[in-house]
Number of protein chains: 2
Amino acid sequence: MDLQKYLKDRGAIVNEALECHLPLAGDLPGVIHEAMRYSATDGGKRVRPILALAACEAVGGSYQSAMPAGCAIEFIHAFSLIHDDLPCMDDDDFRRGKLTSHKVYGEAIALLAGDALISLAFEVIAATPDVPALRLLEVSRLVARATGTRGMIGGQVLDMLAEGRDVELSDVEAIHRRKTGALLEVSAVVGGILGGGSKDQVDALSIYGKNIGLAFQVADDILDLTGDSEKLGKSTGSDLRQKKATYPSVIGIERSKSLGEKAVSDAIEALSIFDENADPLRAIARFIIERDV
Amino acid sequence: MDLQKYLKDRGAIVNEALECHLPLAGDLPGVIHEAMRYSATDGGKRVRPILALAACEAVGGSYQSAMPAGCAIEFIHAFSLIHDDLPCMDDDDFRRGKLTSHKVYGEAIALLAGDALISLAFEVIAATPDVPALRLLEVSRLVARATGTRGMIGGQVLDMLAEGRDVELSDVEAIHRRKTGALLEVSAVVGGILGGGSKDQVDALSIYGKNIGLAFQVADDILDLTGDSEKLGKSTGSDLRQKKATYPSVIGIERSKSLGEKAVSDAIEALSIFDENADPLRAIARFIIERDV
């Protein structure tokens, strides 16, 4: 399959859906809707929604069933970036080559735009048409859990606590399993649930998701050290300067690469119970460690 | 009925339920769980959960059905207070006579504790036992909507935009219908839904909730001008100093009092379709303008 074309096409339909779910900038109070749109419709790759759609199809569902939840997870991701960039967190002025939200709208609106993206996510999941209520409720619970202190936010706190300290591989794993892993894993899992997958299928998607979450973070850490800052739209080497807990900093680049490759092969192995409908998931797993942006 | 005893008893069972739903401070990462507990288990009056329980009983339901949603709304309320107090917002050092979250835990943890309380709210709603999934999904959607830009967060933005400007009664109403009204209204509404109320009953609870939201804000504005700062646990006159849009500042204290009394009688009028099971709701409506804290 032509993965680049697939990602581009899927990215386009996801972007259309994101547009539909976001409040219009013309609705009062416009400034916060503008800020939400600024961060949620920018040049992201839409990895999480694309994973949700692909997992939904892997179990034989129609991708439309997973679109609202996929958008919801992208809203959660967008909120996390806005809040991470705030002065009291990483204090970043640029993200993906654009000014960060608080540089454009001020800190108060950036804070509230992030907050509003969280609640919008759960509103969008609950309003999904043509999917049984029990499935949607389970999806809402899992997305909430993956967002909170046992997921992304907890990982963010662990990461902050580790900054500047000596850490081991197990610490880095604990941080990233939550910080980036939880949201990627839940994307695959909710796709499977919304497509009507069996327990075995959803469990396999969970293992797949955990492993690509790991591979994704390893690749991100390596790109921060060796990547092209122009292509990435952000400065490289910032993890090193901020003494962040990364895979290369605890086990070196070569062992990090092996770890990423092992995770990708474990992810693909987990998909062995699926037929060719899971080919996009397989291709995405390979792409994650081969990408240069 | 003895409302003071009722509020005290209900406050106690709500506090127990809040405790149960919050992650333990011993769970890693402990610092954010401590921060969440610090703000969500403090000396608040638990008006919102108590309303949800009372509305559930007014339609003939068992209050237990509304407890998780009531706690969820209290978590949303707690998040809004943490974020409102941050330096980039109101920059307050004290709340209810205690240091604010960011003064105790630092800005980054306070920010993330607020974020985590939002996602916890939706996790708790989705995990409610023994209630039909369709009802829970509707409750999740309504709470999300009341939290976001068409509800509380939107009202907060309108309030910020109005600060220091000349405003009219219609502006103050638009701000507070969202900022405090939306969450109080949704408390009564979701109580009715979770108790299995009919459409007419839920509509009546919505009118009741809107009106006590209005009365609550009017009373709050008046207390800020005339109240006892020691009883309130915060300094009075702060709205005036910050040139906030309040009812007394646009229509004076006497007309504000009349407006509050009218809202309370409209709220009680909306309950005419209910029997004596709605007596606590009636008593709460009266209490809102009579309270001095």
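Above: the structure in question.
Residues numbered from 1 in each chain as written. Chains lettered and ligands numbered in written order. Predicted model: local features only at pLDDT ≥ 70, side-chain atom pairs only at ≥ 80, totals over all residues. Heavy atoms only, no water.

**Considerations on the overall build of chain A**
Turning to step 1, where the next piece is worked out: Assigned secondary structure in chain A consists of 14 helices and 2 strands.
Turning to step 2, where the next piece is worked out: Its C-alpha radius of gyration of 18 Å places chain A within 12% of the 19 Å reference for a compact globule of 293 residues.
Turning to step 3, where the next piece is worked out: Once the C-alpha set of chain A is aligned to its principal axes, its extents read approximately 50 × 50 × 35 Å.
Turning to step 4, where the next piece is worked out: For chain A, the computed accessible surface area is about 11700 Å², with 49% contributed by carbon and sulfur atoms.
Turning to step 5, where the next piece is worked out: Side-chain charges of chain A comprise 32 positive and 44 negative groups, with the mean position of each set lying 2 Å from the other. (Helix = DSSP H or I, 4+ residues; strand = E, 2+ residues; numbered from the N terminus. Rg over C-alpha atoms; globule rule 2.2 N^0.38 Å. Areas by Shrake-Rupley, 256 points an atom, 1.4 Å probe, with all protein chains shown as cover. Lys, Arg positive; Asp, Glu negative; His and termini not counted. Charge placed at Lys NZ, Arg CZ, Asp CG, Glu CD.)

**Concerning the relation of the copies chain A and chain B**
Turning to step 1, where the next piece is worked out: It takes a turn of 180 degrees to lay chain A on chain B, together with a shift of 0.0 Å along the axis; the resulting RMSD is 0.0 Å. Both copies are brought into coincidence by an operation consistent with a two-fold rotation axis. If distances are taken from each C-alpha of chain A to the rotation axis, the shortest is found for Ala133(A), at 2.8 Å.
Turning to step 2, where the next piece is worked out: When the interface residues of chain A are mapped onto chain B, 100% of them again fall at the interface, so both copies present the same face. (Least-squares fit on C-alpha atoms with pLDDT ≥ 70 in both. Contact = heavy atoms within 4.5 Å.)

**Quick look at the interface of chain A and chain B**
Turning to step 1, where the next piece is worked out: Chain A puts 45 residues into the contact, and the matching count from chain B is 45 residues.
Turning to step 2, where the next piece is worked out: The contact between chain A and chain B buries some 3700 Å² in all, and 78% of this surface belongs to carbon and sulfur atoms.
Turning to step 3, where the next piece is worked out: When the area that chain A buries against chain B is broken down by residue, the three leading residues are Glu123(A), Leu137(A) and Thr149(A), summing to 16%.
Turning to step 4, where the next piece is worked out: On the surface where chain A and chain B come into contact, there are 4 salt bridges.
Turning to step 5, where the next piece is worked out: For Arg150(A), the salt bridge identified is with Glu123(B), shortest N-O distance 2.7 Å.
Turning to step 6, where the next piece is worked out: Applying the counting rule to chain A against chain B returns 8 residue pairs in polar contact (both at pLDDT 80 or more).
Turning to step 7, where the next piece is worked out: When residues of the side of chain A that touches chain B are traced back to their parent elements, those giving at least two are helix H2 (30–40), helix H4 (67–85), helix H6 (107–126), helix H7 (133–147) and helix H8 (152–162) of chain A.
Turning to step 8, where the next piece is worked out: Sort the elements by how many residues they give to the side of chain A that touches chain B and H6(A) lands first, with 12 residues.
Turning to step 9, where the next piece is worked out: Residue classes in the side of chain A that touches chain B are distributed as 29 nonpolar, 9 polar and 7 charged. (Buried area = accessible area lost by both parts, 1.4 Å probe. Salt bridge = Lys/Arg side-chain N within 4 Å of Asp/Glu carboxyl O. Polar contact = N/O pair within 3.5 Å; in protein donor to acceptor, adjacent residues only side chain to side chain. Nonpolar A, V, L, I, M, F, W, Y, C, P; charged D, E, K, R; others polar.)

**Quick word on the pattern of salt bridges**
All names here are of chain B.
Turning to step 1, where the next piece is worked out: In the structure shown here, the tally under the stated rule is 28 salt bridges over all chains.
Turning to step 2, where the next piece is worked out: Here Lys 5 ties to Asp 9 by a salt bridge, and the two come within 2.6 Å at their closest N and O atoms. Here Lys 5 and its partner Asp 9 are both found in helix H1 (residues 3–21), 4 residues apart, which amounts to about one turn of the helix.
Turning to step 3, where the next piece is worked out: For Asp 9, a relative accessible area of 37% puts it in the partly exposed group.
Turning to step 4, where the next piece is worked out: Across the salt bridge formed by Arg 95 and Asp 85, the nearest N and O atoms sit 2.9 Å from each other. Of this pair, Arg 95 sits in strand S1 (residues 94–95) while Asp 85 sits in helix H4 (residues 67–85), and the two are 10 residues apart along the sequence.
Turning to step 5, where the next piece is worked out: Exposure remark for Arg 95: the relative accessible area of 25% places this residue in the partly exposed category.
Turning to step 6, where the next piece is worked out: By relative accessible area, Asp 85 is classed as buried at 3%. (Buried < 20%, exposed > 50% of the residue type's maximum accessible area, 1.4 Å probe, protein only.)

Interpretation in functional terms is not warranted from these geometric data alone.
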